[in-house]
Amino acid sequence: MSNRIGVGLAGFGTVGAGVYKNLARNADLLEQRTGAGFEVRRIAVRDPGKTRDVEAPSHLFTTDPSDLLADPGIHIVVELMGGVEGPFQFVCAALRAGKTVVTGNKALLAEKGREIFDLAREMRVPVFYEAAVAGGIPIIKVVREAFVGNRFEAIHGILNGTSNYILTRMADEGLDFAPVLAEAQKLGYAEADPALDINGWDAAHKAIILASLAYGFWVSPAEVLVEGIERVTAADMLFASELGYRIKLLASIKADPRGDVEVRVVPTLIPDSHVLASVNGVFNAVSVRGDVVGEALFYGRGAGQDPTSSSVLADLAEAAAFQQSPRRCVGFTAHSLYRRCKPAMETVSKYYLRLGVQDRPGVLAQIASTLARADIGILSVIQPEGIVDGSVPLVLTLHDAPFGRMRETVRELTGLECVHGNPLLLHMETFA
Ligand code: NAP
Ligand code: HSE
């Protein structure tokens, strides 16, 4: 005889409807595996009259998410509405009402994770969030459970499918950013408002969650270096390829031996030889390096109805296990082994720098001496023939330097009479 577990769905969009559909599809399997029979008792939406691809009985729908909390037969609420303030109020009210929370909302956790988990601890009610990072890839369980006996040396991830699709097509077909973005929107990969996909913040929200879980303190969005992919051109893809690299929107999370944690999400040159360089299209991948396990790679679909709802089903199974036998874990455990986030300006990296310069004698010497005064060494130089908009591109790769000094030097270079337009500075990741 299985336990009946009442579920309330807050949100019946791409993911919420997928959860309902797949819960029905695999109800028998889940029941046999978990000993729990899930029953969706209420569904909150904005517009109950909307035509939907996935159908549910009309009496389940409400426009008021608090109806889910008022139903004593609902043990688990699944927050899949999107946004931050409304879901924050809802999740806090759910925890205070003693309802286990499942959410796929990375923006909510990145902005309000500290407050949510403080409350979860106080109320002794868990919050599960596997779908919030990398869609169908079970990376939260990996970091929280499978690798619990490891210190995390580094986590690198391609965490946004839309930007990876755009960069892949730019690299493989020599296309420019704008037409590929339009196509990604037409194909339904990018959001109707694709700003967070493109400006790096969707991936940054996911990186904040991974970093916080790995290092035991809640990382604040203000401490993360985030840049979007808008300024990367097809020509940069070509230059990177000549140098033996691919450009990806990469989340880099690592700790130094003093316990300072570095988190950045920026378009990054990745060596062709690294496995993340071959993660293409809408796929996501996360590479985790632990001091005991070594390097491990997780690859799969980072978005979409079915992959994301697969992660929500896993959380429902875990939430049901908690209902049957409460455990210590509330979803996030703070600890004190790591101290703080390193300010972005202090972080050290190699760089790719593209400048537009005048084609005349002495220009390269002037640029090289500006870099030398800043104690920044040149790794390689490409200056292809051909004038574009009155200047020639000059591409340099540069040795390790602190980001603050590098940025200041780029400002100085931009002020030189021989340098035209806006330079592009990208990080290079060596995975050392
Ligand atoms: P969506 O398609 O826009 O669906 C949102 C749902 O929430 C809709 O059913 C909407 O109602 C309902 N809703 C919104 N505000 C509401 C309110 N104030 N009261 C009641 N209902 C409300 O969003 P989604 O793509 O499923 O994403 C849901 C969450 O999962 C987001 O946090 C997203 O970041 C996360 N996520 C999405 C994916 C993905 O691939 N889509 C992957 C991982 C994580 P109506 O249907 O009436 O409009
Ligand atoms: N818009 C996101 C992406 C999907 O393109 O990866 C959910 O995180």
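Residues numbered from 1 in each chain as written. Chains lettered and ligands numbered in written order. Predicted model: local features only at pLDDT ≥ 70, side-chain atom pairs only at ≥ 80, totals over all residues. Heavy atoms only, no water.

As a packed pair, helix 5 (residues 106–123) and helix 10 (residues 201–215) sit with axes 8 Å apart at the nearest point and diverge in direction by 55 degrees. Considering their axes alone, helix 5 and helix 10 lie oblique with respect to each other. Considering only the axes of helix 5 and helix 10, their crossing is left-handed. Listed contacts from helix 10 to Lys106, Ala107, Leu109, Ala110 and Glu111 of helix 5 are Asp202, His205, Lys206, Ile208 and Ile209. Across the contact of helix 5 with helix 10, the residue classes tally to 5 nonpolar, 1 polar and 4 charged. (Axes fitted to C-alpha atoms, helices over the stretch in contact; angles between N-to-C directions. Helix = DSSP H or I, 4+ residues; strand = E, 2+ residues; numbered from the N terminus. Parallel < 35°, antiparallel > 145°, perpendicular 65-115°, else oblique. Left-handed = near helix turned anticlockwise from the far one by under 90°. Contact = heavy atoms within 4.5 Å. Nonpolar A, V, L, I, M, F, W, Y, C, P; charged D, E, K, R; others polar.)

Turning to the site of ligand 1, a few remarks are in order. The full set close to ligand 1 counts 22 residues, and Phe12, Asp47, Lys50, Arg52 and Gly304 are the nearest of them. Separating an oxygen atom of ligand 1 from a backbone N or O atom of Phe12 is a distance of 2.8 Å. With respect to ligand 1, the backbone of Asp47 contributes an N or O atom lying 2.7 Å from an oxygen atom. In terms of residue class, the shell around ligand 1 is made up of 9 nonpolar, 8 polar and 5 charged. (Near = heavy atom within 4 Å. Polar contact = N/O pair within 3.5 Å; in protein donor to acceptor, adjacent residues only side chain to side chain.)

A few words now on the site of ligand 2. Close to ligand 2 lie 9 residues; Lys106, Gly161, Thr162, Asp197 and Lys206 are nearest. Side-chain polar atom of Asp197 to a nitrogen atom of ligand 2: 2.7 Å apart, as the coordinates give it. In the environment of ligand 2, an oxygen atom lies 2.7 Å from a nitrogen or oxygen atom belonging to the side chain of Lys206. Contact with the protein chains hides 89% of the accessible area of ligand 2, taken as 260 Å² for the molecule alone. Elements with a minimum of two residues in the shell around ligand 2: helix 7 (161–173) and helix 10. A per-class count over the shell around ligand 2 returns 1 nonpolar, 3 polar and 5 charged. (Areas by Shrake-Rupley, 256 points an atom, 1.4 Å probe, with all protein chains shown as cover.)

We now examine the side chain of Lys112. Note on placement: Lys112 falls in helix 5. Non-local contacts of Lys112, meaning those with residues more than four positions away in its chain, are made with Val84, Glu85 and Phe88.

With that settled, consider the pairing of strand 11 (residues 283–290). Most of strand 11 is tucked away, with 6 of its 8 residues classed as buried. The sheet contact formed by strand 7 (residues 152–158) and strand 11 spans 6 bridges and is antiparallel. What sits directly across from Phe152, in strand 11, is Gly290. Alignment of strand 11 against strand 12 (residues 294–301), held across 8 bridges, turns out to be antiparallel. Directly across from Ala285, in strand 12, lies its bridge partner Tyr299. (Buried < 20%, exposed > 50% of the residue type's maximum accessible area, 1.4 Å probe, protein only. Pairing = 2+ DSSP bridges.)

What follows covers a nonpolar patch on the surface. A cluster of nonpolar side chains, Val275, Leu297 and Tyr299, forms an exposed patch at the surface whose accessible area comes to about 270 Å². Look at Tyr299 and you get partly exposed, because its relative accessible area is 47%. (Patch = residues over 30% accessible without salt bridge, like charges linked within 9 Å, V, L, I, M, F, W, Y side chains within 5 Å. Salt bridge = Lys/Arg side-chain N within 4 Å of Asp/Glu carboxyl O.)

Before going further, it helps to spend a moment on the environment of Glu295. Looking at the secondary structure, you find Glu295 in strand 12. Judged by relative accessible area, which is 46%, Glu295 ranks as partly exposed. Along the sequence, Glu295 and Asn284 sit 11 residues apart, while their C-alpha atoms lie 17 Å from each other. The residues touching Glu295, leaving out its near neighbours within four places in the chain, are His274, Ser287, Val288 and Arg289. Within the local environment of Glu295, its side chain forms a polar contact with the side chain of His274, the two groups lying 3.5 Å apart. Of note is the side chain of Glu295, whose polar atom sits 2.8 Å from the side chain of Ser287.

Given 3.6 residues per helical turn, the α-helix brings residues three or four places apart onto the same face. Given a rise of 1.5 Å per residue, 13 residues ought to cover 18 Å, and the 18 Å separating the end C-alpha atoms of helix 7 matches this to within 8%. Judged by how many residues are buried, helix 7 sits mostly within the fold: 10 of 13 residues are covered. Those residues of helix 7 that fall on the buried side of the exposure criterion are Gly161, Thr162, Ser163, Asn164, Tyr165, Ile166, Leu167, Thr168, Arg169 and Met170. Residues of helix 7 that are buried in the fold lie against strand 7, helix 8 (177–186), helix 9 (195–198), helix 11 (234–243), strand 9 (245–255) and strand 11. (Expected span 1.5 Å × (residues − 1).)

The values are spatial; any link to function lies outside them.
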